[in-house]
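So you can see what is in the structure, the chains are spelled out below.
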Amino acid sequence: MAQAPRTQTVRQRVTRSLLILLLIAALLAAALLWLFKGFLGSDMRQAQIALVDGDFDRAETLFRRVLEKEPQNSEALLGLGYLSVEQGAWDPAIDFLDRAAVLSPNLAEVYIQRGRARHQRTLTQDKHWRYIAGFERAFDDYDRAIELKPNDARPWLGRGMCRICLEQYRESIADLDQGLKLYPQSAQGLERKAYALFKLGRYDEALENVNKSAELNSRSPAMWNTRGHIHLQRGEYQQAHQDFSRAIRYDPLNTKYYCFRGYAWNCLARYDDALADFQRAKQIDPEDMAGYHNCAITYCLQGQRERALQEIQTALQIDPQNEQTYKSRAVVFEKLNQLDDAREDYKTAMQINPEYIEALQALARLDIAEGKLQSAGEKLLKLSEEDPDDFATYRHLGYVYLLRDDPDEAMRQFQQALDRMPIDFTSNLRRYIILSQRGEQDARAELRNLRETWVAIEWPKPIVLMFLDEITPEELLKETIHPSPSKQAERQCEAWHTIGIWRELHGDTAAARQAYQNSVDANTLALPVRQLSLHALQTLDSPAGLVNADSE
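Residues numbered from 1 in each chain as written. Predicted model: local features only at pLDDT ≥ 70, side-chain atom pairs only at ≥ 80, totals over all residues. Heavy atoms only, no water.

Draft legend 1. Structural context of the overall build of the protein chain. Tallying secondary structure elements over the protein chain gives 29 helices and 0 strands in all. Sequence-distant contacts, at least 24 apart, represent 51% of the contacts inside the protein chain between residues at least 6 apart. A total accessible area of about 27300 Å² is found for the protein chain, and carbon and sulfur atoms account for 49% of it. (Helix = DSSP H or I, 4+ residues; strand = E, 2+ residues; numbered from the N terminus. Contact = heavy atoms within 4.5 Å. Areas by Shrake-Rupley, 256 points an atom, 1.4 Å probe, with all protein chains shown as cover.)

What follows is the structure, given as structure tokens:
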């Protein structure tokens, strides 16, 4: 019994020794961990410094070194994701940022950069059905970033740009405005807002915003491109040509800019200059069909039918499954008044891509032009279900109901178009005409509003002025003179048709009949306006009211 205290003392000493050893080991481990983290932190700090200095190669090396030591480091993954975005490596960027999002789900920067990667990847790589899905995923990333960091301008601007790609123009302007409120010096934000305003037909506001963008960054080709399109829509072809030339100066390998400048040349009837631009686009990218398509249209404008069709045939040899090529050949056939051939090509384009809305719209327009109203109505109703936001569908439905002698339903369809595109001149004018024919007092007020809206636009303005009795029909006809024969024919067809309506409103039936006949003789067979003039002639010849029968 006397040994017990001694045994207890020994055990206590052993236990104390073990505890000391464990403490020393823990301290050693802590010291090693501290050293490791010190090295890790040093690499991270150096990587961030390199990133700020623009030394991307060194930054990537250091971020990868951090990742080798700590594979779950979300900051290193974010850094590599950012570098990949800047280098245009969209798939690696998305992979790095996916991993970072799992590790740090509340880090807004991850979603901002992944939104950028998804957005740009979709713009440059995705086609058809994947296209919309790609933008929607980018949209979701920007949405999450806004939730986490609402005072950062970048996700607002990014989401606004995504909305443009999704054709949500009004919503895009709201997002871009919020981003510009937070960062007013965003040249790209101002340019994208200008583009959205342009798509809504708000040309004066669009021009104001794109000019602000030019003040901030005069070397942006996208900005000059957008301004060129605004001038094109305003009928200011020389200014448009100058803007597209500036876009080419800053991005000389972009085939689209050559095609847009070529289109401006065509509008000025400078066909050789247009062909030079389209040929240049073909040289830069022989597999880009746009150059061939535009060459074909230009040859057609010059009356060189065989050369036009040769261009399309060359494009089909390069890519026989390109629906745009069939659509372009259909346009050539329309200009040649070969409407049956045009119809077949539009159908082929739809067989290749059943969701090709432009081809279905063109088929409906041809139906209207040929008096096939039932077929046109069926196509347009289908379009209104598939794409309920496209204003042109409702405008053409308005034509159908006018030709069916149903002005009430036509008015409703034109209003549907205006609900989606308030600036649409045709729908506005048709509303005014229907109201005038009914003798409603509101018609004159609507016309004055039209004047205010279209005062800066070259072509619609004289039509409005004639209905306001400020110019004569003869003065309107002088405004139809255009260097492009096809545009002149279209203007003359529309001008004579509106003169016919004006003559009717003034009680001069004989002069109205002659005006409608002149509209028909303008020989633009694929225009619905021509069919309206034919219908007006039939109605004048049958005062009791002609039952409109389809020619099908």
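From this point on, the discussion continues.
Draft legend 2. Fine view of helix α10 (residues 203–216). The terminal C-alpha atoms of α10, which comprises 14 residues, lie 20 Å apart, in line with the 20 Å expected from a rise of 1.5 Å per residue. Within the sequence span of α10, burial applies to Tyr203, Ala206, Leu207, Asn209, Val210, Ser213 and Ala214. The inward-facing, buried residues of α10 abut α9 (187–199) and α11 (221–233). (Expected span 1.5 Å × (residues − 1). Buried < 20%, exposed > 50% of the residue type's maximum accessible area, 1.4 Å probe, protein only.)

Draft legend 3. Up close: the environment of Gln279. Mapped onto the secondary structure, Gln279 falls in helix α14 (residues 271–284). Sequence separation of Gln279 and Gly291 is 12 residues, and the distance between their C-alpha atoms is 6.5 Å. Those residues in contact with Gln279, other than ones at most four positions away along the chain, are Cys295, Tyr299 and Glu311.

Draft legend 4. Local environment of the side chain of Ser213. The residue Ser213 is located in helix α10 in this model. Of the polar contacts made by the side chain of Ser213, one reaches the backbone oxygen of Ala187; its length is 2.8 Å. Beyond its immediate sequence surroundings of up to four residues, Ser213 is in contact with Ala187, Leu190, Glu191 and Met223. (Polar contact = N/O pair within 3.5 Å; in protein donor to acceptor, adjacent residues only side chain to side chain.)

Draft legend 5. Here's a closer look at the packing of helix α2 (residues 56–69) against helix α3 (residues 74–86). As a packed pair, α2 and α3 sit with axes 9 Å apart at the nearest point and diverge in direction by 150°. Considering the angle they form, α2 stands roughly antiparallel to α3. Here α2 and α3 pass one another in a crossing that is left-handed. Contacts between α2 and α3 involve Phe56, Ala59, Glu60, Phe63, Arg64, Val66 and Leu67 from the former and Glu75, Ala76, Leu77, Gly79, Leu80, Leu83 and Glu86 from the latter. Considered class by class, the residues forming the contact of α2 with α3 number 9 nonpolar, 1 polar and 4 charged. (Axes fitted to C-alpha atoms, helices over the stretch in contact; angles between N-to-C directions. Parallel < 35°, antiparallel > 145°, perpendicular 65-115°, else oblique. Left-handed = near helix turned anticlockwise from the far one by under 90°. Nonpolar A, V, L, I, M, F, W, Y, C, P; charged D, E, K, R; others polar.)

Draft legend 6. Fine view of the packing of helix α5 (residues 108–124) against helix α7 (residues 153–165). Between α5 and α7, whose axes approach to 10 Å, the crossing angle comes to 25°. For the element pair α5 / α7, the angle class is roughly parallel. The two elements α5 and α7 meet at a crossing, and its hand is left-handed. Residues Glu109, Ile112, Gln113, His119 and Leu123 of α5 lie in contact with α7, whose contacting residues are Arg154, Pro155, Gly158, Met161, Cys162 and Cys165. Tallied by class, the residues present in the contact of α5 with α7 amount to 6 nonpolar, 3 polar and 2 charged.

Draft legend 7. Focus on the packing of aromatic side chains. By the definition in use, this model includes 5 aromatic pairs. Here the aromatic rings of Tyr432 and Phe467 are separated by 5.4 Å at their centres, their planes lie at 70°, and the arrangement is edge-to-face. Remark: Phe467 occurs in helix α25 (residues 460–467) and Tyr432 occurs in helix α23 (residues 425–438); sequence separation between them is 35 residues. Neither Tyr432 nor Phe467 differs from the other in exposure class; each is buried. Chaining the aromatic ring pairs together yields one cluster made of Tyr195, Phe198 and Tyr203. Over the ring of Tyr195 we find Arg192, and its NZ or CZ is 4.7 Å from the ring centre. (Phe/Tyr/Trp six-rings, centres within 6.5 Å; stacked < 30°, edge-to-face > 60°. Lys NZ or Arg CZ within 6 Å of the ring centre and 35° of its normal.)

Draft legend 8. Structural context of the layout of surface pockets. Taken as a whole, the second largest pocket spans an internal volume of roughly 440 Å³. Lining the second largest pocket are 19 residues, with Leu402, Asp405, Ile433, Gln437 and His535 positioned closest to its centre. The set of elements that each furnish at least two residues to the lining of the second largest pocket consists of α21 (391–403), α23, α27 (485–505) and α29 (528–541). The residue makeup of the lining of the second largest pocket, split by class, is 10 nonpolar, 4 polar and 5 charged. (1 Å grid on protein atoms, 1.4 Å probe; cavity = no way out; pocket = protein on both sides within 12 Å on 5 of 7 lines; lining within 4 Å. Points joined across faces, edges and corners; volume = space filled by probe spheres on them.)

Draft legend 9. Examining helix α8 (residues 169–182) more closely. Taking 1.5 Å of rise per residue, the 14 residues of α8 would be expected to cover 20 Å, and the 20 Å separating its terminal C-alpha atoms lies within 8% of that figure. For α8, the full list of buried residues reads Tyr169, Ser172, Ile173, Asp175, Leu176, Gly179 and Leu180. Buried residues belonging to α8 abut α7 and α9.

Draft legend 10. Fine view of the pattern of salt bridges. Tallying each qualifying case throughout the model produces 42 salt bridges. For Asp43, the salt bridge goes to Arg65, with nearest N and O atoms at 3.4 Å. One end of the pair, Asp43, is in helix α1 (residues 4–53); the other, Arg65, is in helix α2, and 22 residues separate them in sequence. Assessed through its relative accessible area of 37%, Arg65 is described here as partly exposed. Here the salt bridges do not stand alone but share partners, grouping Arg343, Asp367, Glu370, Lys372 and Lys379 into one network. (Salt bridge = Lys/Arg side-chain N within 4 Å of Asp/Glu carboxyl O.)

Draft legend 11. A look at the nonpolar core. Counting 109 residues, the largest nonpolar core has Tyr346, Leu429, Phe467 and Leu476 as its most contacted members. Once residues lying within four places of it in the same chain are set aside, the contact partners of Phe467 are Leu429, Tyr432, Ile433, Arg444, Leu447, Thr498, Ile501, Trp502 and Leu505. The next biggest cluster of nonpolar side chains, apart from the first, holds 26 residues, and it includes Trp90, Leu97, Val110 and Ile112. (Core = buried A, V, L, I, M, F, W, Y, C linked by side-chain atoms within 4.5 Å.)

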